[in-house]
Amino acid sequence: MALANLTSSREFLLLGLMDGTDIHPLLFLLFLGVYLLNALGNLSMVVLVRSDTALHSPMYYFLGHLSLVDVCFTTVTVPRLLAGLLHPGQAVSFQGCFAQMYFFVALGITESYLLAAMSYDRAVAVCRPLHYGAVMTSGRCAALVAASWLLAHLHSLLHTLLISALSYPRSAHVRHFFCDMTVMLSLAISDTSAAETAIFSEGLAVVLTPLLLVSLSYARILVAVLGVRSAGGRRRAFSTCGAHLVVVSLFFGSVLSVYFRPSSAYSARYDRLASVVYAVITPTLNPFIYSLRNKEVKGALRKGLRWRAAPQEV
């Protein structure tokens with residue numbers, strides 16, 4: 001069936017973020033601004049981490065990869081979202097639809113495991129500061145990042161193959177701004193019970209694992225911070241960890257609410273709203289919450305700006 005789907009002339013019509021055929025120029029400008037802010041913040045982090053030796057540490061190594069994933073993650077979906085706001089009803093081929101779904105799922109899972117690796121790094125730094133260098137070696141950091149990418153792509157490949165093997169009408173309306181798994185399952189005209197069972201069981205394990213690691217890491221950090229005698233130190237730690245937990249909660253909360261419920265509970269309106277949270281808002285907030293608030297990053301940014309301004313002064 002998957003081969004037949006690939007060789008057929010099936011196509012899907014993406015109805016976009018909003019119902020109806022009206023154009024939404026104000027929403028277009030809003031999401032365009034968010035997307036440009038996302039690209040600016042995340043690409044700036046990638047460049048800073050690679051170019052400034054002061055940021056060559058495990059924490060910023062993970063942040064650099066997270067920023068790269070975030071800018072790719074939004075690029076998979078936001079351009080079509082923008083096009084749909086001005087021209088509702090974008091046609092997309094079967095191959096193009098499932099290629100988008102593959103990269104969206106792969107990048108989303110990569111992000112979740114990178115968030116887990118970053119929380120583990122912070123837990124080691126807070127709870128075992130004297131052993132930090134011995135635990136977070138460059139080899140271990142590279143292995144964590146490589147495992148995040150590999151596991152995410154294997155997970156995405158499995159889900160894409162399962163869903164693409166289902167039967168679909170020759171032409172179907174997709175009430176979403178991208179080809180998402182839940183939408184494609186709801187459009188299938190063949191039995192989806194086997195695919196749903198496999199996706200729910202394997203997917204739940206893949207998504208809950210990083211969530212559990214994040215929860216355990218921040219629990220250890222909380223216990224360690226509560227043992228700090230300085231009120232100022234506790235306040236700074238709670239401020240930083242609180243901001244991190246808000247972003248993590250937004251990401252994992254919206255993902256779980258969309259993907260881990262039966263297809264009978266599918267709601268196009270809710271899915272589109274939740275998708276904006278984890279696919280657009282969270283990746284845009286990440287560079288500002290995790291990095292651009294740090295003194296080291298601000299110093300590297302000022303250094304870079306001075307270096308660019310120096311030739312003009314001469």
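In what follows, the structure referred to is the one given above.
For the structure given in this document, a descriptive report is provided here. (Residues numbered from 1 in each chain as written. Predicted model: local features only at pLDDT ≥ 70, side-chain atom pairs only at ≥ 80, totals over all residues. Heavy atoms only, no water.)

1. Concerning a nonpolar patch on the surface
Then comes step 1: Among the surface-exposed residues, Val 246, Leu 250, Ile 281 and Leu 285 lie close enough to one another that they form a single nonpolar patch of about 290 Å² accessible area.
Then comes step 2: Elements supplying a minimum of two residues to the nonpolar patch: α9 (231-259) and α10 (268-290).
Then comes step 3: Here Ile 281 shows up in helix α10.
Then comes step 4: For Ile 281, a relative accessible area of 36% gives the class partly exposed. (Patch = residues over 30% accessible without salt bridge, like charges linked within 9 Å, V, L, I, M, F, W, Y side chains within 5 Å. Areas by Shrake-Rupley, 256 points an atom, 1.4 Å probe, with all protein chains shown as cover. Salt bridge = Lys/Arg side-chain N within 4 Å of Asp/Glu carboxyl O. Helix = DSSP H or I, 4+ residues; strand = E, 2+ residues; numbered from the N terminus. Buried < 20%, exposed > 50% of the residue type's maximum accessible area, 1.4 Å probe, protein only.)

2. A few points about the state of the cysteines
Then comes step 1: Within this structure, the stated rule accounts for one disulfide.
Then comes step 2: Two residues, Cys 97 and Cys 179, share a disulfide whose sulfurs are 2.0 Å apart. Judged by the sign of its S-S torsion, about -120°, the bond between Cys 97 and Cys 179 is left-handed. You can see Cys 97 sitting in helix α4 (residues 94-127) and its partner Cys 179 sitting in the loop between β3 (171-174) and α7 (181-187), a full 82 residues away along the chain. (Disulfide = S-S within 2.5 Å.)

3. Thoughts on the side chain of Ser 148
Then comes step 1: You can see Ser 148 is positioned in helix α6 (residues 138-164).
Then comes step 2: Judged by its relative accessible area of 4%, Ser 148 falls in the buried class.
Then comes step 3: The residues touching Ser 148, leaving out its near neighbours within four places in the chain, are Thr 110, Tyr 113 and Leu 114. (Contact = heavy atoms within 4.5 Å.)

4. Examining helix α2 (residues 25-51)
Then comes step 1: The terminal C-alpha atoms of α2 lie 38 Å apart, and with 27 residues this matches the ideal 39 Å at 1.5 Å per residue to within 8%.
Then comes step 2: What α2 keeps buried is the set Phe 28, Phe 31, Tyr 35, Asn 38, Ala 39, Gly 41, Asn 42, Met 45, Val 46, Leu 48 and Val 49. (Expected span 1.5 Å × (residues − 1).)

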